[in-house]
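Coordinate inspection notes
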Protein chains: 2
Amino acid sequence: MSLAEIVDIRGCGERRSLRCGACKGLFGSLSEDERAALERMRRQSSFASKELVFAQGDAASRVFSLSEGVARIYKLLPDGRRQVTGFALAGDFLGLTLMEHHALTAEAIEPTVACSFPRAAFRRLIDGNLVALRRMNQLVTQELATAHERMMMLGRYTAEEKMAAFLLTWRERQGGRGEAADITPLPMSRRDIADYLGLTIETVSRTFTKLERAGVVEIVAGGARIADEARAHQLATASTTG
Amino acid sequence: MSLAEIVDIRGCGERRSLRCGACKGLFGSLSEDERAALERMRRQSSFASKELVFAQGDAASRVFSLSEGVARIYKLLPDGRRQVTGFALAGDFLGLTLMEHHALTAEAIEPTVACSFPRAAFRRLIDGNLVALRRMNQLVTQELATAHERMMMLGRYTAEEKMAAFLLTWRERQGGRGEAADITPLPMSRRDIADYLGLTIETVSRTFTKLERAGVVEIVAGGARIADEARAHQLATASTTG
DNA sequence: CGCCCTATTGACACACCTCAAGAGGTGTGG
DNA sequence: CCACACCTCTTGAGGTGTGTCAATAGGGCG
């Protein structure tokens, strides 16, 4: 009982409504029995920075729900080329594949906490519940829409536009998680940003400098501040004016 | 009655099991009443080549199910830059958004036939049926996985790799729809391919020529043939060997 | 047959990449 | 607490894959 409480406090239980919004949204409609069953299967893990959550090719045995921290999600090519498909924050699900093996790698980029459930059982519970299934549908459909945005960025944006779009959408998702005033923390490395945007680290670095000189952003250690909202927005939407 | 039959033959009814696999998969589990209700709302449309099905920004009033033809799905930037997010074939759904307005444009690229249903009613029926909802979930999740592949292509593949990957995956999806022997029809224009791969028409054209000179493919009017399967596959997966 | 649209090809330009050097920050072990 | 090692980031110089601009060829349709 006391052990359960300790676990709860740091994971999906007690504080679920605060951190683990995804869990709550999905599990809210399950029966008492179902929730108890889930709770029994739930496991909590902590990941240090750079620690793998799961790797491309691994058997997809568990589904994860981030409750704290940030993870990078990426695909690798045989020769080492990398595409970061996204960054996961508290409240995001990881490993929701239909395949038996992961097509993506997930890796913590700062100290991260996640609950996990056996994928098969998780799937079975969701699949048996209309409300949960609708919610899941919403989540995946939403992700697909942002994937389309990403395609536009990757295929048709310039480096400057990519960086502006990245900074704005990242700030948006963080939603005031930033410590000081209006500084958006950037826990990911230049390489992560480069691999997210289809650029090289050098281009990312140079473009940061260029945007800073133009007064659009201000780069500080571990973060950035949007100095010129209008211009940043213009770049991010590839509006030709200006 | 006879009119209904005529409509059926060309649409989602009588021949549904042949062409409109998506409809069948989704609607198979609905009740008699529900299917009858759907049938009453069903409308069938034909689209000439280059005709719009719906446009980015339009109210998303109806959901479409292609039963014949091919459509390009794309996003536009204010200055005309375009990203083709995909090509839709018979059996594919179009306009499955959660938003009130389309974020994508859909346009026929050859004579195309589609059934459509009011989006709200369609959604309501799917959302009330576990089996249909699961199937829908599968479809969207599958699409999300291919979107991740596309990100890798757009961000990290060379022009040559992009073209090889495109040809192979397109041939795969067509699945022997080709007329002659092993020739894969390419109903889309060079511009469509370019905007799909994040290239220009000139680069697409030059890369086709390059691949042809290298003996990898053979370009014929309106189509292509993979001449060197192994090499094409190698390029498409960005395997370094060779 | 002639118009128009699409595809190909060439010459050149440039955005971004590659290679390389150096600065700055951080953690660790003595 | 310092000093070294290591890692990330920045900046520079130069190269290249792909874009741009332009001319020509090919194909379909009225």
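Cut-offs used in this document
Residues numbered from 1 in each chain as written. Chains lettered and ligands numbered in written order. Predicted model: local features only at pLDDT ≥ 70, side-chain atom pairs only at ≥ 80, totals over all residues. Heavy atoms only, no water. Helix = DSSP H or I, 4+ residues; strand = E, 2+ residues; numbered from the N terminus. Buried < 20%, exposed > 50% of the residue type's maximum accessible area, 1.4 Å probe, protein only. Contact = heavy atoms within 4.5 Å. Areas by Shrake-Rupley, 256 points an atom, 1.4 Å probe, with all protein chains shown as cover. Near = heavy atom within 4 Å. Polar contact = N/O pair within 3.5 Å; in protein donor to acceptor, adjacent residues only side chain to side chain. Nonpolar A, V, L, I, M, F, W, Y, C, P; charged D, E, K, R; others polar. Salt bridge = Lys/Arg side-chain N within 4 Å of Asp/Glu carboxyl O. Pairing = 2+ DSSP bridges. Buried area = accessible area lost by both parts, 1.4 Å probe. Phe/Tyr/Trp six-rings, centres within 6.5 Å; stacked < 30°, edge-to-face > 60°.

The next thing to look at is the overall build of chain A. Counting its regular elements, chain A contains ten helices and eleven strands. Within the span of chain A, comprising 242 residues, buried residues form 50% of the whole. Within chain A, residue pairs in contact and separated by at least 24 positions form 69% of the contacts whose partners lie at least 6 positions apart. If you sum the accessible surface of chain A, you get close to 11,200 Å²; carbon and sulfur atoms cover 52% of it.

Looking now at the protein's contact with DNA strand C. Residues in contact with DNA strand C amount to 15 residues; listed here are only the nearest, Thr203(A), Arg206(A), Arg190(B), Ser205(B) and Thr209(B). Of all DNA strand C atoms lying within 4 Å of any protein atom, the proportion belonging to sugar or phosphate reaches 63%. In this structure, Ala159(A) approaches DNA strand C through a main-chain N or O atom, which is 2.9 Å from a phosphate oxygen. Side-chain polar atom of Thr200(A) to a phosphate oxygen of DNA strand C: 3.2 Å apart, as the coordinates give it. Looking at the surface near DNA strand C, the elements that each hand over two or more residues are helix H9 (201-213) of chain A together with helix H9 (201-213) of chain B. In terms of residue count, H9(B) provides more of the surface near DNA strand C than any other element does, four residues in total. Per-class residue counts for the surface near DNA strand C are two nonpolar, seven polar and six charged.

So, about the protein's contact with DNA strand D. Near DNA strand D lie 15 residues; those nearest to it are Arg190(A), Ser205(A), Thr209(A), Thr203(B) and Arg206(B). The protein-proximal atoms of DNA strand D, defined as those within 4 Å of the protein, are 62% sugar or phosphate. Thr209(A) places a side-chain nitrogen or oxygen 2.6 Å from a phosphate oxygen of DNA strand D. Contact distances for DNA strand D include 3.2 Å between a phosphate oxygen and a backbone N or O atom of Ala159(B). Broken down by element, the residue count for the surface near DNA strand D peaks at four residues, all from H9(A).

Applying the stated rule across the entire model yields 34 salt bridges over all chains. For Glu39(A), the salt bridge is made with Arg42(A), and the minimal N-O distance between the two is 2.8 Å. Residue Arg42(A) is classed as buried on the basis of its relative accessible area of 12%. Among the charged side chains, a salt-bridge network with shared partners connects Arg72(A), Arg82(A), Glu107(A), Asp192(A), Asp195(A) and Arg156(B).

Counting buried residues along helix H5 (residues 119-127) of chain B, seven of its nine residues qualify, which places the element largely inside the surrounding structure. Taken as a whole, H5(B) has its buried residues at Arg119(B), Ala121(B), Phe122(B), Arg123(B), Leu125(B), Ile126(B) and Asp127(B).

Moving on, we come to the sheet that holds strand E10 (residues 217-220) of chain A. Residue and element names in this part refer to chain A. Judged by pairing direction, the sheet is antiparallel, and its three strands sit side by side in the order E9-E11-E10 without closing on themselves. Both edges of this open sheet fall to strand E9 (184-185) and E10, since each of them pairs with a single strand only. Both E10 and strand E11 (residues 223-226) contribute to a ladder of four bridges, which runs antiparallel. Each residue of the ladder has a partner; that of Ile219, found in E11, is Ala224.

With that settled, consider unusual backbone geometry. Note: most peptide bonds trans; most residues except glycine with negative phi. One non-glycine residue, Ala238(A), lies in the positive phi region at around 55 degrees. Its place among the elements puts Ala238(A) in the segment after helix H10 (229-236). Phi at Lys50(B) takes a positive value of approximately 75 degrees, unusual for a residue other than glycine. Tracing the sequence through the fold places Lys50(B) in the loop between strand E1 (43-47) and strand E2 (52-54). A residue is classified by how much of its surface remains accessible, and Lys50(B), at 65% relative accessible area, is exposed.

Across the boundary between the two partners, chain A contributes 47 residues, which contact 47 residues of chain B. Together, the buried faces of chain A and chain B total about 4,100 Å²; carbon and sulfur atoms form 64% of this surface. At the boundary of chain A with chain B, the tally comes to six salt bridges. Our count for the chain A to chain B interface comes out at 16 residue pairs in polar contact (both at pLDDT 80 or more).

All names here are of chain A. Scanning the entire structure with this criterion turns up 16 aromatic pairs over all chains. Between Phe87 and Phe166 the ring centres are 6.4 Å apart and the planes differ by 50 degrees, which places this aromatic pair in the tilted class. One end of the pair, Phe87, is in strand E5 (residues 82-88); the other, Phe166, is in helix H7 (residues 159-174), and 79 residues separate them in sequence. Here Phe87 falls in the buried class, since its relative accessible area comes to 6%.

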